[in-house]
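Each chain, written out:
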Amino acid sequence: MRHVALVREVSPEIIRCELTHLARTPIDLDRARAQHAEYIAALAELGCDIEWLPPEPGLPDAVFVEDTAIVLEDFAVITRPGAESRRAELPSVIAALGRYRPLHHITAPGTLDGGDVLRMGRALYAGETLRTNAEGISQLAAIVTRRGYAVCAVPVHGCLHLKSAVTALDERTALINREWIEVTRFAGRRLVDIDPAEPFAANTLAVGGALIHAAEFPGTRAILAGAGYIVRPVPASELAKAEGGVTCCSLIVAVD
Ligand code: CIR
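First things first, this report covers the structure right here in the doc. Position numbers for residues start from 1 in each chain and track the written sequence from start to end. Local features in this predicted model are restricted to residues whose pLDDT is 70 or higher, and side-chain atom pairs enter the listing and the counts only when it is 80 or higher, whereas totals over whole chains, interfaces and linings include all residues. As a convention, hydrogens and water are excluded, and side-chain values are obtained from all of the structure's heavy atoms.

1. Quick look at the pairing of strand β14 (residues 231-234)
Moving residue by residue along a regular strand, the side chains alternate between the two faces of the sheet. Pairing geometry for strand β13 (residues 210-214) and β14, over 4 bridges, is parallel. Pairing of A214 across the sheet is with V234, part of β14. In short, DSSP must find at least two bridges between two strands for them to pair. Helix numbering and strand numbering both begin at the N terminus, where a helix is a DSSP run of H or I of at least 4 residues and a strand a DSSP run of E of at least 2.

And the structure:
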């Protein structure tokens, strides 16, 4: 089994990105690109084949490819992003992903961002956020339940996406910031708490036997290492100003 990581370069328009919970601060494009390159290098080091989506210089948030699709074992769901400005990102993702998976689509009036969907085994947790509405979650459930997945809606408050607040370390364990989500939905899971001084540290990408994690969160990195995980830190401060984390910048496709 190999893994393909679909990625896209940082748009020169990133300074005009969507922002919901953060105030706009200057983003250094060269630095954002250099950090993104380190992220891609980490994906490659951990065994992923890198596949570049076509550049979208006119779409500020197009680097955050995670929001456009949910890739599962036998099929993928193309989302309908909650931010209207992001919907033009879809066609190139549809073209690329369609070569690996049959595609299903979220349609109006549903909205769903990939950053709001967390897979743990056969469970899909779906964040109720400003980007993902009840109709989007119910369309997702209609698509996936007949294909062997269960959907669990999770109230989210205070952050952009569900995966800003919780991500999977493995099929049974989640890294979590309890301040931002309804934690009772994760009853029965093993939970690892972030360092409370690092509220944005719950976003990590498990791939190739390691965790890609933003280098700016040493306290949480120490917690993860103490729990026995291999952590691959990558600098991610520039795209964090655009409310993006490490899961946001790739779509990982398992290929036989
Ligand atoms: C947005 O607001 O849509 C972008 N500025 C950030 C998207 C980050 N994506 C993610 O967390 N999955």
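2. Quick look at the site of the ligand
Whether a residue is near a molecule or strand is decided by its heavy atoms; if any one of them lies within 4 Å of it, the residue is near. Taken together, 14 residues lie around the ligand, and D61, E66, R131, A242 and C248 are the ones closest in. H161 places a side-chain nitrogen or oxygen 2.9 Å from an oxygen atom of the ligand. Contact with the protein chains removes 98% of the 340 Å² of surface that the ligand exposes when unbound. For this classification, the nonpolar set comprises Ala, Val, Leu, Ile, Met, Phe, Trp, Tyr, Cys and Pro, the charged set comprises Asp, Glu, Lys and Arg, and every other residue, Gly included, is treated as polar. Of the residues in the shell around the ligand, the class split is 4 nonpolar, 3 polar and 7 charged. Side-chain atoms alone can form a polar contact between residues adjacent in sequence; in general such a contact is a pair of N or O atoms within 3.5 Å, and within protein one must be able to donate a hydrogen while the other accepts it. Here the open area of atoms and residues is found with the Shrake-Rupley method and a 1.4 Å probe, where only the protein chains shown may cover a residue.

3. Regarding the packing of aromatic side chains
A pair of Phe, Tyr and Trp rings is counted when the ring centres sit within 6.5 Å of each other, with Trp represented by its six-membered ring. The angle between the planes then sorts it: under 30 degrees is stacked, over 60 is edge-to-face, the rest tilted. Summed over all chains, the structure comprises 3 aromatic pairs. When the centroid spacing of 4.2 Å and the interplanar angle of 25 degrees are considered together, the rings of Y125 and F186 count as stacked. You can see Y125 sitting in strand β7 (residues 123-128) and its partner F186 sitting in the loop between β10 (173-176) and β11 (190-193), a full 61 residues away along the chain. Assigned by exposure class, Y125 and F186 land together as buried. Ring centres 5.2 Å apart and planes at 65 degrees place the aromatic pair W180 and F200 in the edge-to-face group. Pair noted here: W180 is in the loop between β10 and β11 and F200 is in the loop between β11 and β12 (204-207), with a separation of 20 residues, a long-range link. A cation sits over an aromatic face here: R122 above Y149, 4.0 Å from the ring centre. Criterion for a charge above a ring: Lys NZ or Arg CZ within 6 Å of the ring centre, and within 35 degrees of the ring normal. The positively charged end of R147 is found above the aromatic ring belonging to F75, 5.4 Å away from the centroid. Each residue is assigned to one of three classes by its accessible area relative to the maximum for its type, calculated with a 1.4 Å probe on protein chains only: buried under 20%, partly exposed between the two thresholds, exposed over 50%.

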